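Each chain, written out:
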Number of protein chains: 2
Amino acid sequence: MSSSQTARRRARAELTQEIVDIARGQLATSGAAGLSLRAVAREMGMVSSAVYRYFPSRDDLLTRLIIDGYDAVGEAVEQADAAVDPDDVTGRWVAVCHAVRTWALAHPHEYALLHGSPVPGYRAPDDTVGPAARDAVVYGRILSDAWASGRLVLPDGGPPAPAPLADDLEAVRAMMPGVPDAVVVRAVALWATLYGMVSFEVFGTFDTVVRLRDVLFDHTVRSLAAWIGLPGT
Amino acid sequence: MSSSQTARRRARAELTQEIVDIARGQLATSGAAGLSLRAVAREMGMVSSAVYRYFPSRDDLLTRLIIDGYDAVGEAVEQADAAVDPDDVTGRWVAVCHAVRTWALAHPHEYALLHGSPVPGYRAPDDTVGPAARDAVVYGRILSDAWASGRLVLPDGGPPAPAPLADDLEAVRAMMPGVPDAVVVRAVALWATLYGMVSFEVFGTFDTVVRLRDVLFDHTVRSLAAWIGLPGT
DNA sequence: CAGATGCGAGAGCAGTGCTCTTGACATGGC
DNA sequence: GCCATGTCAAGAGCACTGCTCTCGCATCTG
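Everything numeric in this text was worked out from a predicted model, so none of it was measured.

Counting residues in hydrophobic clusters, the biggest one holds 142 residues, and the most contacted among them are A:Trp93, A:Tyr139, A:Leu230, B:Trp93, B:Tyr139 and B:Leu230. Apart from the residues within four sequence positions on either side, B:Leu230 is in contact with B:Val89, B:Thr90, B:Trp93, B:Leu143, B:Ala146, B:Leu152 and B:Ala225.

Have a look at this one:
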């Protein structure tokens, strides 16, 4: 019977998932540095070597948590975008930014794992690059929709994009089809500002600088929206 | 003789410095996670317990490295600012941004220690807050000079700063006396963008996105300068 | 010149990631 | 049904970590 084989594989899948869940719990409380394979095994009533049947190393377990983290923030961003009237492009952008911030503040250690220092030697590029771009796709779609519907006015002021940047902008434009260079290059800046603000907040840099951090964040995000040419609210 | 007392104390000071230097070397090659007190002791020909006479814990040694790191980037920023004609406020801002980026790319692990995930439980606030603000003081002075000399034109467009933010903006204004609210609030955004861009680059987020990262950085920094009201070049 | 103090060495504890071997169990072909 | 095959948990063990403690020795202080 293939069901018995399935039983074995299902047990493996369930145990793998349980390891990930417990590891995420320990990550949430102790941070990435405090995550211990032995502690995970202990909490599962297993011995440490048994865990290595499911994850060949601690870094692989961390990589899995990273992928799941990107997926979680991507999910939050997509839901936030879907909850707003599609024609309200500025509202969508603001909602998406708040979704990132809210998720990061609720999962600071997971956020640190995604956007803080690379914990192992360096990041495994292939596995994580897909989920990592999930949120960027949403930003791109918002800008693309705004441009296609004529709601995005081409920003003026500031220097024009340097010619050698054309290839790079073309690649980034894949996430926001049709959008002109001046908007693409500012989109990258907005992306950096978003995560810069959130990182400052999560990592404590803003602690001694700003008190009403939610108000500042909201205002900054709206100002940036205006800068890139999105309509005011 | 106080010279013999000085000899003892000087030996202590020299050994402390040697520990820090070796630790910084190991930080540069192995990263913060790989920095080991025992390895430092080994490289010094000491036994590990002896190092604890100089630093009560590994976290204290890391804190020292953090303070030195903030000092180093602050130094780099101040030198970059001083090397430009003081009246060329935009040039000063661009130079300062490049100084941060250059330092970060040259010392990625140290940068990660400063602006990546907080490695120990959490950062000791009092000791690090002074050196951490050293670069921000330079940004503030540039904007303050620009405003005082009439070279900074009040930016328009975008929503006005919310009233509840007045207190926070007043506090931030301490670093850029006289500058109006609309500029202060954008200065915070610029600060976040600067470190967001550098973090994306140092942490590898841009690896699969942009190739001519120096060109993009320079252009972004100049665009932001125009956004905050600094004159074009 | 004593006594107090600072310092390095060594042993030791608890914890970590990871490897290897051993024995029990389920799976699948004959 | 049986037996080889592969999977699995367990345990021991290695090398490493941060950190604590004690013990002598050198240095400094009154």
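Glancing now at the packing of helix α5 (residues 89-106) of chain B against helix α8 (residues 134-148) of chain B. Residues and elements named next belong to chain B. Two numbers describe how α5 lies on α8: the axes approach to 9 Å, and their chain directions differ by 170 degrees. In terms of axis orientation, α5 runs roughly antiparallel to α8. Each of Val 89, Arg 92, Trp 93, Val 96 and Val 100 in α5 lies in contact with α8, whose residues at this interface are Val 138, Tyr 139, Arg 141, Ile 142, Asp 145 and Ala 146. Residue composition of the contact of α5 with α8, by class: 8 nonpolar, no polar and 3 charged.

Here we take up the interface of chain A and chain B. With 47 residues of chain A in contact, the opposing surface of chain B contributes 47 residues. At the boundary of chain A with chain B, the tally comes to 0 salt bridges. At the boundary of chain A with chain B, the tally comes to 8 residue pairs in polar contact (both at pLDDT 80 or more). Residue assignment for the side of chain A that touches chain B shows that the elements contributing at least two residues are α6 (108-115), α9 (166-173), α10 (181-202) and α11 (213-228) of chain A. A per-element tally of the side of chain A that touches chain B places α10(A) first, with 10 residues. Looking at the side of chain A that touches chain B residue by residue, the class counts come to 31 nonpolar, 12 polar and 4 charged.

So, on to α8(B). All names here are of chain B. Between its first and last C-alpha atoms α8 spans 21 Å; for 15 residues at 1.5 Å apiece the expected length is 21 Å, and the two agree. The set of residues buried in α8 consists of Arg 134, Asp 135, Ala 136, Val 138, Tyr 139, Gly 140, Ile 142, Leu 143, Ser 144 and Ala 146. Of the residues flanking the end of α8, it is Gly 150, one or two places downstream, whose phi is positive at about 75 degrees.

On to the packing of aromatic side chains. Within the structure shown, the criterion is met by 15 aromatic pairs over all chains. For the ring pair A:Trp191 and B:Phe206, a centre distance of 6.0 Å and an interplane angle of 45 degrees mean the geometry is tilted. In this pair, A:Trp191 sits in helix α10 while B:Phe206 sits in the loop between α10 (181-202) and α11 (213-228), so the two residues belong to two different chains. Note on accessibility: A:Trp191 and B:Phe206 belong to one class, buried. With a centroid separation of 5.9 Å and an interplanar angle of 55 degrees, the aromatic rings of A:Phe200 and B:Tyr195 are classed as tilted.

With numbering matched to this structure, UniProt assigns "domain: HTH tetR-type" (unreviewed entry) to residues 13-73 of chain A. Regarding residues 13-73 of chain A, the helix share stands at 75% and the strand share at 0%, and the terminal C-alpha atoms are separated by 24 Å.

A few words on the UniProt feature "DNA-binding region" (unreviewed entry) in chain A. Summarizing the sequence annotation, UniProt attributes the feature "DNA-binding region" (unreviewed entry) to residues 36-55 of chain A in the numbering used throughout. For residues 36-55 of chain A, the helix share is 60%, the strand share is 0%, and the end-to-end C-alpha distance is 13 Å.

Our next topic: α5(B). Across its 18 residues, α5(B) extends 26 Å between first and last C-alpha, which sits within 8% of the 26 Å expected from 1.5 Å per residue. With 13 of 18 residues buried, α5(B) is to be regarded as a mostly interior element.

What follows deals with the relation of the copies chain A and chain B. Structural alignment of chain A on chain B gives an RMSD of 0.0 Å, achieved by rotating through 180 degrees and translating 0.0 Å along the axis. In short, the pair behaves as if placed about a two-fold rotation axis. Mapped onto chain B, 100% of the interface residues of chain A again fall at the interface, so both copies present the same surface.

The rules behind these values
- Residues numbered from 1 in each chain as written.
- Chains lettered and ligands numbered in written order.
- Predicted model: local features only at pLDDT ≥ 70, side-chain atom pairs only at ≥ 80, totals over all residues.
- Heavy atoms only, no water.
- Core = buried A, V, L, I, M, F, W, Y, C linked by side-chain atoms within 4.5 Å.
- Buried < 20%, exposed > 50% of the residue type's maximum accessible area, 1.4 Å probe, protein only.
- Contact = heavy atoms within 4.5 Å.
- Axes fitted to C-alpha atoms, helices over the stretch in contact; angles between N-to-C directions.
- Helix = DSSP H or I, 4+ residues; strand = E, 2+ residues; numbered from the N terminus.
- Parallel < 35°, antiparallel > 145°, perpendicular 65-115°, else oblique.
- Nonpolar A, V, L, I, M, F, W, Y, C, P; charged D, E, K, R; others polar.
- Salt bridge = Lys/Arg side-chain N within 4 Å of Asp/Glu carboxyl O.
- Polar contact = N/O pair within 3.5 Å; in protein donor to acceptor, adjacent residues only side chain to side chain.
- Expected span 1.5 Å × (residues − 1).
- Phe/Tyr/Trp six-rings, centres within 6.5 Å; stacked < 30°, edge-to-face > 60°.
- UniProt positions renumbered as here; feature names shortened; annotations may be inferred.
- Least-squares fit on C-alpha atoms with pLDDT ≥ 70 in both.

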